[in-house]
Amino acid sequence: MNFEADFTMTIGGKGVAGAGSFPVLNPANETVIAQAPDCSREQLDEAVAAARAAFPGWRATPIETRRALLNEIAGRIFAHIEPLRRLLTLEQGKPYADAEFEVGGTGMFVQGTATLNLPEIVNEDSAERKSITRHVPIGVVGAISPWNFPVILAFFKISPALLAGNTIVLKPSPFTPLTTLKIGELLRDLLPPGVLNIVSGGDALGPWITSHPGIDKVAFTGSTQTGRRVMESASSSLKRVTLELGGNDAAIVLPDVDVNKVAPELFWAAFRNNGQICIASKRMYIHKDVYEPLKDAIVDYARTVKVGDGTEQGTQIGPVQNKQQYARVLDLIADSKKNGHSFLLGGEASEGPGYFVPVTILDNPPEDSRIVREEQFGPILPLLKVDSIEEAVAKANASDYGLGGSVWSSDAEKALAIGELLETGNVWINETQHLSPLAAFAGHKQSGLGVENGEAGLLEYTNVQTITVKR
Ligand code: NAD
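Please read these numbers as outputs of a predicted model, since none were measured by experiment.

Novice: So what exactly am I meant to see when it comes to the overall build of the protein here?
Specialist: On a plain count of helices and strands, the protein comes out with 15 helices and 24 strands. In terms of overall dimensions, the protein is globule-like: its C-alpha atoms have a radius of gyration of 23 Å, near the 23 Å expected for 471 residues. Each of the three principal axes of the protein carries a C-alpha extent, and together these read 70 × 60 × 40 Å. Residue burial in the protein is summarised as follows: out of 471 residues, 57% are buried. Contacts in the protein between residues at least 24 apart in sequence constitute 73% of all its contacts with a sequence separation of at least 6. Counting only carbon and sulfur atoms, one obtains 53% of the accessible surface of the protein, whose full area is about 18,100 Å². Side chains of the protein give 42 positive and 55 negative charges; the mean places of these two sets differ by 6 Å.

Novice: I keep staring at the packing of helix 5 (residues 150–163) against helix 6 (residues 178–187) and nothing clicks. Help me out?
Specialist: Running from amino to carboxyl end, helix 5 crosses helix 6 at an angle of 55°, the nearest separation of the two axes being 9 Å. One element, helix 5, and the other, helix 6, form an angle in the oblique class. Considering the relative orientation of helix 5 and helix 6, their crossing is right-handed. Facing helix 5, whose interface residues are Pro-150, Val-151, Ala-154 and Phe-155, helix 6 presents Thr-179, Thr-180, Ile-183 and Leu-187. Among the residues forming the contact of helix 5 with helix 6, the class breakdown is six nonpolar, two polar and no charged.

Novice: Hey, could you run me through the site of the ligand in this one?
Specialist: Around the ligand sit 29 residues in total, of which Ser-145, Lys-171, Thr-226, Leu-245 and Glu-375 are the nearest. Between the ligand and the protein, one listed contact pairs an oxygen atom with a backbone N or O atom of Ser-145 at 2.7 Å. A distance of 2.8 Å separates an oxygen atom of the ligand from a polar atom in the side chain of Lys-171. Protein contact buries 87% of the 860 Å² of open area that the ligand shows by itself. Among the residues making up the shell around the ligand, the classes are represented as 14 nonpolar, 11 polar and four charged.

Novice: Would you explain the packing of aromatic side chains in this entry?
Specialist: In this structure the tally under the stated criterion is seven aromatic pairs. Arranged with centres 6.4 Å apart and planes meeting at 80°, the rings of Trp-268 and Tyr-301 form a pair that is edge-to-face. Residue Trp-268 is found in helix 9 (residues 259–271), and its partner Tyr-301 is found in helix 10 (residues 288–303); the two are separated by 33 residues along the sequence. Owing to a relative accessible area of 22%, Tyr-301 belongs among the partly exposed residues under this scheme. The structure contains a cluster of three or more aromatic residues connected by ring pairs, namely Phe-267, Trp-268, Phe-271 and Tyr-301. Taking the ring centre of Tyr-96 as reference, the NZ or CZ of Arg-85 above it sits at 4.6 Å. Here the basic side chain of Lys-182 rests over the ring of Phe-7, its NZ or CZ set 4.9 Å away from the ring centre.

Parameters and conventions
Residues numbered from 1 in each chain as written. Predicted model: local features only at pLDDT ≥ 70, side-chain atom pairs only at ≥ 80, totals over all residues. Heavy atoms only, no water. Helix = DSSP H or I, 4+ residues; strand = E, 2+ residues; numbered from the N terminus. Rg over C-alpha atoms; globule rule 2.2 N^0.38 Å. Buried < 20%, exposed > 50% of the residue type's maximum accessible area, 1.4 Å probe, protein only. Contact = heavy atoms within 4.5 Å. Areas by Shrake-Rupley, 256 points an atom, 1.4 Å probe, with all protein chains shown as cover. Lys, Arg positive; Asp, Glu negative; His and termini not counted. Charge placed at Lys NZ, Arg CZ, Asp CG, Glu CD. Axes fitted to C-alpha atoms, helices over the stretch in contact; angles between N-to-C directions. Parallel < 35°, antiparallel > 145°, perpendicular 65-115°, else oblique. Left-handed = near helix turned anticlockwise from the far one by under 90°. Nonpolar A, V, L, I, M, F, W, Y, C, P; charged D, E, K, R; others polar. Near = heavy atom within 4 Å. Polar contact = N/O pair within 3.5 Å; in protein donor to acceptor, adjacent residues only side chain to side chain. Phe/Tyr/Trp six-rings, centres within 6.5 Å; stacked < 30°, edge-to-face > 60°. Lys NZ or Arg CZ within 6 Å of the ring centre and 35° of its normal.

What follows is the structure, encoded as structure tokens:
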């Protein structure tokens, strides 16, 4: 199998060329890596029909068999980490080590999800009747994934959907469809035809999926703005929806931290994957007693970090993933310049080719500035000085987003008590971004609706059914 050419969709267990095609660029040099298939509306209909035809058989397949197949999926991913990570770096831009972490992590998440179970509750077991509540699959899932972690976020949907007995039609982002398409090809002979369909296409394909009458549930990861459109579109047939959306996570730093220890950790909390993580630390509220030394330590550390082409040895941060996001990041930098914010580092776009933005750190911009209020989703971080931790908590919570947050202190108990005040779905103490296939991941407020991962995430792929038998 050639991992860098001949990209096809997976529809009904077969490789299918697109009705047309579209180019996929390498963000490190803006050259075309490959043409991806452009799914027509008729081809989407075929994929949905294949998923619907496969549903009765898959639903009737014992969960232990579905579990075993998920483990085989993980095995195939592990066996092809090398070519998959190379392809992921080419299309996404992230360094090889990060691409390997994502592909390997995907295998581990598939295995972890495979250990989950669907609970059954006995409501009554008396001489008159037996009543149980169980969870049954919903039907055909339409899944839509973004470009920042294209592989693992696709499997956050594929694994629970299949384990619960649903069939699925998945659409990767048009910016990063290639690795997902190749994984579809890798798995083609493993699953019954139609159980897992992967289609790729341009801007029209997402709305076709969310409004398709043959799709029963939409699982979406992407921006809050698009999430609203998805919900609106899904409402016509009351499709179930799970929305994992944007965030503006705050990190709160107490005055008792060990500055040299936490500086690199805080740096990576913000800049891992070039800041393109929904749960990246996007605002850093630092107590005034430690602000100056910590600011210096973060900037000193940032100067040692190598930004470059992800295929080159030693690169720690790659390019911004696509032209639109690059323009958005530059626009935020321009806004800070226009408003006279103080830059500690960065602030100038590199000469092309490639969507490179240097690590950019701002010194205490105003709370109402765009860089503090908006989700930057790129390599710019505002450091913010606070007089008290109460002030930090109030500012952290004064956001429409509620995805994650972190508290940093030498005293974990004290930090935990502060963390419990955060209005977010995920709270980390002295770390960020730790996720597990066994732990629920959800966004509060406009960061999402519903849950991914853990038993609660699995249940999102089921309908509740209560069965009562009169004796
Ligand atoms: P996006 O919303 O632009 O696109 C996400 C996906 O939706 C893509 O596949 C896109 O093609 C598709 N899409 C676009 N318009 C659509 C429409 N009208 N109907 C249906 N589908 C449509 O997001 P992005 O730029 O790819 O990703 C970045 C965003 O995703 C950030 O806001 C980030 O915080 C968020 N994100 C959230 C999580 C989470 O788990 N909460 C994880 C990763 C990323």
